[in-house]
Amino acid sequence: MSEKLWQGRFEQPTDKIVEGYTASIQFDSRLYRYDIEGSIAHCRMLAECRIISHEEASRIVEGLGEIQREIERGSLVLDASQEDIHMAIEQRLMQKIGETGGKLHTARSRNDQICLDMRLYLRDVLTLTGTQLLDLELALVTLAETHLGTVLPGFTHLQHAQPVLLSHHLMAYYEMFRRDHQRFSECLKRTNVLPLGSAALAGTTFPIDMEKTAALLNFPAVVRNSLDAVSDRDYLLEFLAAAAIAMMHVSRLAEELILWSSSEFKFIDISDAFCTGSSIMPQKKNPDVPELMRGKTGRVYGNLIALLTTTKALPLAYNRDLQEDKEPVFDTADTLFATLRLLTKLLPEIEFHTERMRTMAEAGFTLATELADYLVRKGVPFRRAHHAVGQIVHHCIEGGKALHQCQLDELKGFHKAFDADVFDCLTLESAVDRRQSIGGTATVRVQQAIEEARSELAAKRTRLDG
Ligand code: ARG
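What comes next concerns the included structure. (Residues numbered from 1 in each chain as written. Predicted model: local features only at pLDDT ≥ 70, side-chain atom pairs only at ≥ 80, totals over all residues. Heavy atoms only, no water.)

### Details of the overall build of the protein chain
And then number 1: Within the protein chain one finds 18 helices and six strands.
And then number 2: Computed over the C-alpha atoms, the radius of gyration of the protein chain is 31 Å, more than 25% above the 23 Å expected from 2.2 N^0.38 for a compact globule of 466 residues.
And then number 3: Projected onto its principal axes, the C-alpha positions of the protein chain cover 100 × 50 × 40 Å.
And then number 4: For the protein chain, buried positions account for 48% of its 466 residues.
And then number 5: Sequence-distant contacts in the protein chain: of pairs separated by 6 or more residues, those separated by 24 or more amount to 76%.
And then number 6: Total accessible area computed for the protein chain in this model is approximately 22700 Å², and 53% of it derives from carbon and sulfur atoms.
And then number 7: In the protein chain, 53 side chains carry a positive charge and 65 a negative one; their mean positions are 3 Å apart. (Helix = DSSP H or I, 4+ residues; strand = E, 2+ residues; numbered from the N terminus. Rg over C-alpha atoms; globule rule 2.2 N^0.38 Å. Buried < 20%, exposed > 50% of the residue type's maximum accessible area, 1.4 Å probe, protein only. Contact = heavy atoms within 4.5 Å. Areas by Shrake-Rupley, 256 points an atom, 1.4 Å probe, with all protein chains shown as cover. Lys, Arg positive; Asp, Glu negative; His and termini not counted. Charge placed at Lys NZ, Arg CZ, Asp CG, Glu CD.)

See the structure below:
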C-alpha cells in the first residue's frame, strides 16, 4: 500500500474498510481528462505568476501529459488506496518527476479542484445534450412536416375531445424539447464559472491570477465567494432538474407510443428492430423501448432527489457528503444521452396508420363543439348552444348514429337557428382549419409553426458549428 499524500499527521494507516468506504476513485476516475486539463492550466498560471518556475511547470505539464496517455492505454492501475482521481494523478506525477510534482498542489485544494473537474465535465455534458436535443427536435419537425394532412382525435381525460392534426400533436413535443434545450443552455451559463483558487474554503495566500486560469480554461467568469464556490452544487442540481423535466417529456411521448401501438388504438406500428417478443406468447410484439424510456425516468427523478437531499442543510463549506454528487450526475447524463439518442432513432421508425386515425378522429362526437360554435355564429349565446348540442348528442347516442347523419329537421327540433349550411361545419377539415387562433391546430398555423421551428433549428445549428 502506498502512503497517503496526507499521511503526515497520522500515526496509523487507514483501516482497509474505511479506505473502501471513503474512496471515490471507482467512479471519479472518469474525470481524469478534466482533472489533468485543470491541473495543466493551474500549473501554467502558477508559473506566469512566478509561484513556481517555468522549468518546473514544463516538467509538470509533460508529466501530466504522460499520465493521461498511461490512463488511456490502461497501463496506470487506479485503486482504492489512492482515494480519488486527484490523488491518483498527483501520486503518479511524483513517482514520475519526483519532488517537483509536489509543487502542483500549491495554492489549491481538492475542494476547489473537484468543483473545477465537475464544472468542466458538466460543460461537455451540456454541450452534448444540446446537440442531441437538436437532433431530436429536427426529427420531430421532419415527422410533423411529413404528416401535415393527417387528422387524429385529440384527447382530454383520455376521452375523444376534438380533432387535431397529427403534426400539431408532434409539434407539441417539439415545444417541450425546445424548452428543455433552453433550460440546459441556461444551466451552462451558471456552470461556466471558474472555482479554482478558492482553495480549501477561504482563498489562498499566494499571488495567483484566477482570471488567467479562467482564460486558459475558457471560463467567461470567476466565482465571487470562495466559501460558496467549494460548497456550491447548484449547477449540478440544475442539470439534474432539467434532465428530470426532459425525461418527463420523453416519458409522456413514450406513453403515447405505447398506447398508440396497442390493438385498442392501432394508431401506429413500431418497426420490429425497436420491439421485442415474449418468451411465452408467440404473437407478442412489445414496445420495450418506449417502456424503458418511461421506466428510466424514475431513476433520473431519483438522482435529483438524491442530490437535493445530500445538500440539504449542509453547513458551509466543503463536507465530504458532497462526494455523493458524482454518481447521480453521471447516471443521469448517461441515461439522458442513451434515451435521447434512441428516441431520435425511433421516431422515423414509426408507421402511422393515418386512415385509422382519421376514422377515430370522428368517433365519440368529436365534432359536437363545431355544432355549438355554429349556433354561436348565428347569435345564440354559447351556454344555450352548448345545452342544445348536448341534447343532440344524447339523441344520437339513443338512435345509434353520428352527428352528420341527423336530418336538418331533426336538428331544428333542438334549436331553430340550424340551417342547411350546418353540414359544412361537420367535417374534420373544417373543425381543424377553423382553429386559426395563435398556436391552434389549423393547417396554416401548424405550417407556420413548422417553418418557425425550421429556422430556429437552423440558427441553433449555426451557433453550434460556429
Ligand atoms: N473525492 C472528493 C469529492 O469528490 C474530492 C474532494 C475531497 N476533499 C477532501 N477534503 N477530502 O468530493
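### As for the layout of surface pockets
And then number 1: Reported here for the largest pocket is a volume of approximately 660 Å³.
And then number 2: Lining the largest pocket are 30 residues, and of these His168, His169, Met171, Ala172 and Tyr173 sit closest to its centre.
And then number 3: Sorting the residues of the lining of the largest pocket by element identifies strand S1 (151-156), strand S2 (159-165), helix H7 (166-191), helix H10 (234-260) and helix H18 (443-465) as the ones contributing at least two each.
And then number 4: If one sorts the elements of the lining of the largest pocket by residue count, H7 sits on top with nine residues.
And then number 5: Its residues assigned to classes, the lining of the largest pocket shows 15 nonpolar, eight polar and seven charged.
And then number 6: Here the second largest pocket defines a volume of roughly 490 Å³.
And then number 7: His181, Ser185, Leu188, Arg463 and Leu464 are the residues nearest the centre of the second largest pocket, which is lined by 17 residues in total.
And then number 8: Broken down by secondary-structure element, the contributors of at least two residues to the lining of the second largest pocket are helix H6 (110-146), H7 and H18.
And then number 9: In terms of residue class, the lining of the second largest pocket is made up of five nonpolar, seven polar and five charged. (1 Å grid on protein atoms, 1.4 Å probe; cavity = no way out; pocket = protein on both sides within 12 Å on 5 of 7 lines; lining within 4 Å. Points joined across faces, edges and corners; volume = space filled by probe spheres on them. Nonpolar A, V, L, I, M, F, W, Y, C, P; charged D, E, K, R; others polar.)

### Focus on the pattern of salt bridges
And then number 1: One pass over the structure, following the stated rule, counts 30 salt bridges.
And then number 2: Salt-bridge contacts for Asp180 lead to Arg183; the nearest nitrogen and oxygen are separated by 3.2 Å. With Asp180 and Arg183 both in helix H7, this residue pair falls three residues apart, about one helical turn.
And then number 3: A residue is classified by how much of its surface remains accessible, and Asp180, at 0% relative accessible area, is buried.
And then number 4: Lys189 is the salt-bridge partner of Glu186, the closest N and O atoms lying 2.7 Å from each other. (Salt bridge = Lys/Arg side-chain N within 4 Å of Asp/Glu carboxyl O.)

### Some thoughts on the environment of Thr335
And then number 1: Examined against the element boundaries, Thr335 turns out to sit in helix H12 (residues 326-346).
And then number 2: When its relative accessible area of 7% is taken as the criterion, Thr335 is described as buried.
And then number 3: Sequence spacing of Thr335 and Val300 is 35 residues, and the spatial spacing of their C-alpha atoms is 7.6 Å.
And then number 4: Ignoring sequence-local partners within four residues, the contact set of Thr335 consists of Met247, Lys296, Arg299 and Val300.
And then number 5: Separated by 2.6 Å, the side chain of Thr335 and the backbone oxygen of Asp331 make a polar contact. (Polar contact = N/O pair within 3.5 Å; in protein donor to acceptor, adjacent residues only side chain to side chain.)

### What about unusual backbone geometry?
And then number 1: Following Leu316, the chain continues to Ala317 via a peptide bond in cis, the omega torsion being 0°.
And then number 2: Mapped onto the secondary structure, Ala317 falls in the loop between helix H11 (288-311) and H12.
And then number 3: The phi dihedral of Ala107 is positive, around 65°, even though this residue is not glycine.
And then number 4: Note that Ala107 resides in the loop between helix H5 (85-97) and H6.
And then number 5: Residue class for Ala107 comes out buried when judged on its relative accessible area of 7%.

### Description of the packing of helix H3 (residues 32-48) against H6
And then number 1: Axis separation between H3 and H6 bottoms out at 9 Å; the angle between their running directions is 120°. In terms of their interaxial angle, H3 and H6 are classed as oblique. Regarding H3 and H6, the two cross each other, and that crossing is right-handed. Taken together, the residues of H6 that come into contact with H3 (itself represented by Arg33, Tyr34, Asp35, Glu37, Gly38 and Ser39) are Gln113, Leu116, Asp117, Leu120, Tyr121 and Asp124.
And then number 2: Of the residues contributing to the contact of H3 with H6, the split by class is four nonpolar, three polar and five charged. (Axes fitted to C-alpha atoms, helices over the stretch in contact; angles between N-to-C directions. Parallel < 35°, antiparallel > 145°, perpendicular 65-115°, else oblique. Left-handed = near helix turned anticlockwise from the far one by under 90°.)

### Examining the side chain of Glu70
And then number 1: Structurally, Glu70 is set in helix H4 (residues 54-73).
And then number 2: Taking relative accessible area as the criterion, Glu70 reaches 7% and is therefore assigned buried.
And then number 3: With residues near it in sequence (within four places) discarded, Glu70 still touches Ser75, Leu76, Arg92 and Lys96.

### A short note on the site of the ligand
And then number 1: The environment of the ligand is formed by Ser24, Asp84, His86, Arg110, Asn111, Ile114, Tyr318, Arg320, Gln323 and Lys326.
And then number 2: Within the side chain of Arg110, an N or O atom sits 3.5 Å from a nitrogen atom of the ligand.
And then number 3: One of the side-chain nitrogen or oxygen atoms of Lys326 is found 2.6 Å away from an oxygen atom of the ligand.
And then number 4: Within the complex, 87% of the 340 Å² of free accessible area of the ligand lies under protein.
And then number 5: With three residues, the single largest contributor to the shell around the ligand is H6.
And then number 6: Broken down by class, the residue content of the shell around the ligand amounts to two nonpolar, four polar and four charged. (Near = heavy atom within 4 Å.)

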